[in-house]
Protein chains: 2
Amino acid sequence: MTDIITSSDAAAKLIDGKAAAAAVDAAAADGARQIEAALGRPPCLAVVLVGDDPASQVYVRNKGRRTEAAGMRSVEHRLPADVSQADVVALVQALNADDGVDGILVQLPLPAGLDETEVVQTIRPDKDVDGLTAQSAGALVLGAPGMRPCTPSGSVFLAKQALGDLTGKSVVVIGRSILVGKPAALLFLAENCTVTLAHSRTQDLPAVCRQADIVIAAVGRPNLVKGDWIKPGACVIDVGINRVEGEAGKSRLVGDVDFDQAIETAGFITPVPGGVGPMTIAMLLANTVAAAARRAKVSVPDSVKDVLPG
Amino acid sequence: MTDIITSSDAAAKLIDGKAAAAAVDAAAADGARQIEAALGRPPCLAVVLVGDDPASQVYVRNKGRRTEAAGMRSVEHRLPADVSQADVVALVQALNADDGVDGILVQLPLPAGLDETEVVQTIRPDKDVDGLTAQSAGALVLGAPGMRPCTPSGSVFLAKQALGDLTGKSVVVIGRSILVGKPAALLFLAENCTVTLAHSRTQDLPAVCRQADIVIAAVGRPNLVKGDWIKPGACVIDVGINRVEGEAGKSRLVGDVDFDQAIETAGFITPVPGGVGPMTIAMLLANTVAAAARRAKVSVPDSVKDVLPG
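What you see is a predicted model; the values in this text were computed from it and never measured.

Asks: Lay out unusual backbone geometry with the relevant residues and their values.
Replies: A cis amide bond links Leu108(A) with the next residue in sequence, Pro109(A), at an omega value of -5 degrees. Its place among the elements puts Pro109(A) in the loop between strand 3 (103-106) and helix 5 (116-122). Following Val272(B), the chain continues into Pro273(B) via a peptide bond in cis, with omega recorded as 0 degrees. Looking at the element boundaries, Pro273(B) is found in the loop between strand 10 (268-269) and helix 11 (277-295). Despite not being glycine, Asn192(A) shows a phi value in the positive range, around 70 degrees. Relative to the elements of secondary structure, Asn192(A) occurs in the loop between helix 8 (181-190) and strand 5 (194-198). We note that Asn223(B) has phi near 60 degrees; this positive angle belongs to a residue other than glycine. When you line up the elements, Asn223(B) lands in the loop between strand 6 (214-217) and strand 7 (235-238).

Below is the structure:
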């Protein structure tokens, strides 16, 4: 693997998360039309934003835009940073009870002083389009129907797009967070992969990583995964989004994988930005359509079923 | 590792599940006394047995005996094999509502025609001492307080007894059932192990297995795991209990591991029977004490906290 990669080789290895997300958005839009035809109203996603964190505001704005672009209804609830815990919980309960709301997303992190766990666990499982409640996590373990977390679902989608059927592939997930690492491991297991969960206490992480057909990097440490950690031809899904100092004092985004090194060895790799990132909202839209269908006891549209993991 | 193992060497390698279970039973008994002192009544476990499967009857009888031997109250509810689904669900609901019942266990499998999933998912999570509800599985993923499944908990206990702190150990779990494989993987992850989940679709299972410091065999295939699958010195926890034809037409119990081969290479190994088997009821008793404490909002007794996994 000492060849210099030409730009066309490199392009062939890149997994285009923007294009994949656009395809999932389109599937969600198709599903939303079917739901609207069946119910007389489109699926509706309610987003709760507490406080004025600039990054959260950008995310929420993007979610709202893409929800509407997919032909769904987007409702935003903004609460001040000094809102009481009881008021946040009460809002979630009101959204639980509102029959016109199919999906509820609480933008995280919440401002300091609020109990994030209690707020999230208040969400009704059938409206938990982020897949973060204990009920959703349990359904994932049991292989029962339920909402799967969006970023792990997007990671599976991209790996399948690169490799096709994943049966028998060995997957190493680096990072064991409840948002990404653990659900990603369970989702790849459901794809019949042999899955290893590695983390900060793992012995000889490079050697563990080198055995993987598919590497999922989800630790939040810039450029942690080096080129020689990657088995030649492996598929690298970089979930990390880290802001680092760039040239001339400007900051830039990098992943958990040293991209310039890894692309020389990998068979497929997601860039940061433009890889897993755009998939998260795409899967949120697909989940919202599925939630609307299940709540109304109509079939989940095939277009949406096809893009969601098992 | 070509030395012939003398009987004393072999004995040193054996993990004595009966002795470990007796220690956990004693811890549960100690905890039960504390609960009785605090609440004026001992913890109570209700067992539901449907039909007349002989093996299930033996299990239920053993559970009842050990529950009472640990100073707890045991209640058995027997229903005929032709009972309706609605009646089984109604019984579980009545036990959910009965404030004198701390733990509910439905003996599985249920007779054909009954919906096992619906029955199990009816159990209140705070009385789910078998750890089988979606809420319990979700709590395990999220690292939240909750009931952990008994056989996986027993496996962790035995591995810790053999090796001490498990941080950084590589664990290979063979089998991905919702009763054992998946929860065992999550429990060993919580012990800071690097965990690989392998199964029937895994490529080159012997090679995967040979990398493990700890092998958990939970597939239900007699003698599947051979001696040369085991890294020298590794700890082997055999969850399988398979009845096979023995000599003179008599049946005998064997595990998923070829014990006679594996003991030559392993550093520690559980026998079948007398290994993981006795631990399952022991952990059930510990869970019942913990359930009684949490329901009454008193501290879980230290003796019980010490034997339960994280």
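Still to come is the rest of the account.
Asks: Talk me through the relation of the copies chain A and chain B; I want residue IDs and the actual numbers.
Replies: For the pair chain A and chain B, the relating rotation is 180 degrees, the translation along its axis is 0.0 Å, and the fit reaches an RMSD of 0.0 Å. The superposition of one copy onto the other is thereby described by a two-fold rotation axis.

Asks: Give me the sheet that holds strand 3 (residues 103-106) of chain B: which residues, what numbers.
Replies: All names here are of chain B. With parallel pairing, the 3 strands of this open sheet are ordered in space as 2-1-3. On the outer flanks of this sheet lie strand 2 (73-79) and strand 3, each paired with one strand and no other. For this sheet, the mean inter-axis angle between neighbouring strands, taken without regard to orientation, is 20 degrees. Of the strand pairs in this sheet, strand 1 (residues 44-50) and strand 3 are connected by 4 bridges, and their pairing is parallel. By the bridge assignment for strand 3, Val-48 is matched with Val-106.

Asks: Go over the side chain of Ser153(A), please, and point to the residues and values.
Replies: All names here are of chain A. With respect to the helices, strands and loops of the structure, Ser-153 is situated in helix 7 (residues 150-163). For Ser-153, a relative accessible area of 2% translates into the label buried. The contacts of Ser-153, once residues within four sequence positions are left out, are Arg-148, Leu-187, Met-283 and Pro-309.

Asks: Please give an account of the nonpolar core that cites residues and values.
Replies: Core analysis: the biggest nonpolar cluster contains 122 residues, and Phe188(A), Ile214(A), Ile237(A), Phe188(B), Ile214(B) and Ile237(B) have the highest contact counts within it. Beyond its immediate sequence surroundings of up to four residues, Ile237(A) is in contact with Ile15(A), Ser155(A), Leu158(A), Ala159(A), Ile214(A), Val215(A), Ile216(A), Ala217(A), Thr270(A) and Val276(A).

Asks: Explain the sheet that holds strand 3 of chain A to me, using residue names and the numbers behind them.
Replies: Residues and elements named next belong to chain A. Reading across the sheet, the 3 strands line up as 2-1-3 and stay open at both edges, with parallel pairing between neighbours. Across the chains shown, the open sheet's two edge strands, defined by having one partner strand only, are strand 2 (73-79) and strand 3. When strand polarity is set aside, the average angle formed by the axes of neighbouring strands in this sheet is 20 degrees. As paired elements, strand 1 (residues 44-50) and strand 2 share 7 bridges and run parallel to each other. By the bridge assignment, Cys-44 is partnered in strand 2 with Arg-73. Packed onto the sheet, helix 3 (residues 54-69) meets strand 1, strand 2 and strand 3 and runs at close to 160 degrees relative to strand 2.

Asks: Before we move on, can you summarise helix 7 (residues 150-163) of chain B with the specific residues and values?
Replies: Residues and elements named next belong to chain B. Between its first and last C-alpha, helix 7 extends 20 Å over 14 residues, near the 20 Å set by a 1.5 Å rise per residue. Within helix 7, 10 of the 14 residues are buried, leaving the element largely enclosed by the surrounding structure. Of all the positions in helix 7, only Cys-150, Thr-151, Pro-152, Ser-153, Gly-154, Ser-155, Val-156, Phe-157, Leu-158 and Ala-159 are classed as buried. Considering only its buried residues, helix 7 is in contact with helix 2 (17-39), helix 8 (181-190), strand 6, strand 7, helix 11 and helix 12 (302-307). At the C-terminal side of helix 7, Gly-164 shows a positive phi close to 75 degrees.

Asks: Run through the pattern of salt bridges, naming residues and quoting values.
Replies: Under the criterion given, the structure shown has 20 salt bridges over all chains. Across the salt bridge formed by Lys231(A) and Asp213(A), the nearest N and O atoms sit 2.7 Å from each other. With a gap of 18 residues between them, Lys231(A) in the loop between strand 6 (214-217) and strand 7 (235-238) and Asp213(A) in the loop between helix 9 (205-210) and strand 6 connect regions that are remote in the sequence. Judged by its relative accessible area of 23%, Asp213(A) falls in the partly exposed class. Arg124(B) serves as the salt-bridge partner of Asp126(B), at 2.6 Å between the closest nitrogen and oxygen. For Asp126(B), a relative accessible area of 31% puts it in the partly exposed group. For Arg124(B), a relative accessible area of 32% translates into the label partly exposed. Counted as one network, the salt bridges with shared partners bring together Arg41(A), Asp99(A), Asp102(A) and Arg295(A).

Asks: Could you give an account of the interface of chain A and chain B, with specific residues and numbers?
Replies: Each partner contributes to the interface: chain A provides 31 residues, whereas chain B provides 31 residues. Of the roughly 2,600 Å² buried where chain A meets chain B, counting both sides, 59% is carbon and sulfur surface. Among the residues chain A hides against chain B, the three largest losses belong to Val141(A), Leu142(A) and Leu189(A). Together they make up 22% of the total. Taken together, chain A and chain B are joined by 0 salt bridges. Applying the counting criterion to the chain A and chain B interface returns 13 residue pairs in polar contact (both at pLDDT 80 or more). Mapped onto the side of chain A that touches chain B, the elements with two or more residues apiece are helix 6 (134-142), helix 8 and strand 5 of chain A. A total of 8 residues in the side of chain A that touches chain B trace back to one element, the largest contributor, which is helix 6 of chain A. Taken together, the residues that form the side of chain A that touches chain B break down as 14 nonpolar, 14 polar and 3 charged. In this sheet, strand 5 (residues 194-198) of chain B lies alongside strand 5 of chain A in antiparallel orientation, the contact comprising 3 bridges.

Asks: Break down the packing of helix 3 (residues 54-69) of chain B against helix 11 of chain B for me, citing the residues and quoting the values.
Replies: Residue and element names in this part refer to chain B. Two elements in contact, helix 3 and helix 11, have axes whose closest approach is 10 Å; the angle formed by their N-to-C orientations is 50 degrees. By the angle between their axes, helix 3 is oblique relative to helix 11. With respect to the hand of their crossing, helix 3 and helix 11 are arranged in right-handed fashion. Counted together, Asn-62, Lys-63, Arg-66 and Thr-67 of helix 3 and Pro-278, Ile-281, Ala-282, Leu-284 and Leu-285 of helix 11 form the full contact between these two elements. Among the residues forming the contact of helix 3 with helix 11, the class breakdown is 5 nonpolar, 2 polar and 2 charged.

Asks: An account of helix 4 (residues 85-97) of chain A is needed here, citing residue identities and associated values.
Replies: All names here are of chain A. Its 13 residues give helix 4 an end-to-end C-alpha distance of 18 Å, which sits within 8% of 18 Å, the value for a rise of 1.5 Å per residue. Of the residues making up helix 4, those classed as buried are Gln-85, Val-88, Val-89, Leu-91, Val-92, Leu-95 and Asn-96. The buried residues of helix 4 all sit within an arc of 155 degrees when viewed along its axis, so they share a single face. Among the exposed residues of helix 4, those oriented more than 90 degrees off its buried face are Ala-86 and Ala-97.

Asks: Hey, could you go over the environment of Ser299(A) for me, with residue numbers and the actual values?
Replies: All names here are of chain A. Structurally, Ser-299 is set in the loop between helix 11 (277-295) and helix 12 (302-307). By relative accessible area, which is 60% here, Ser-299 ends up exposed. In this structure, the C-alpha to C-alpha distance between Ser-299 and Ser-56, residues 243 residues apart in sequence, is 33 Å.

Cut-offs used in this document
Residues numbered from 1 in each chain as written. Chains lettered and ligands numbered in written order. Predicted model: local features only at pLDDT ≥ 70, side-chain atom pairs only at ≥ 80, totals over all residues. Heavy atoms only, no water. Helix = DSSP H or I, 4+ residues; strand = E, 2+ residues; numbered from the N terminus. Least-squares fit on C-alpha atoms with pLDDT ≥ 70 in both. Pairing = 2+ DSSP bridges. Axes fitted to C-alpha atoms, helices over the stretch in contact; angles between N-to-C directions. Buried < 20%, exposed > 50% of the residue type's maximum accessible area, 1.4 Å probe, protein only. Contact = heavy atoms within 4.5 Å. Core = buried A, V, L, I, M, F, W, Y, C linked by side-chain atoms within 4.5 Å. Expected span 1.5 Å × (residues − 1). Salt bridge = Lys/Arg side-chain N within 4 Å of Asp/Glu carboxyl O. Buried area = accessible area lost by both parts, 1.4 Å probe. Polar contact = N/O pair within 3.5 Å; in protein donor to acceptor, adjacent residues only side chain to side chain. Nonpolar A, V, L, I, M, F, W, Y, C, P; charged D, E, K, R; others polar. Parallel < 35°, antiparallel > 145°, perpendicular 65-115°, else oblique. Left-handed = near helix turned anticlockwise from the far one by under 90°. Arc of directions from axis to C-beta.

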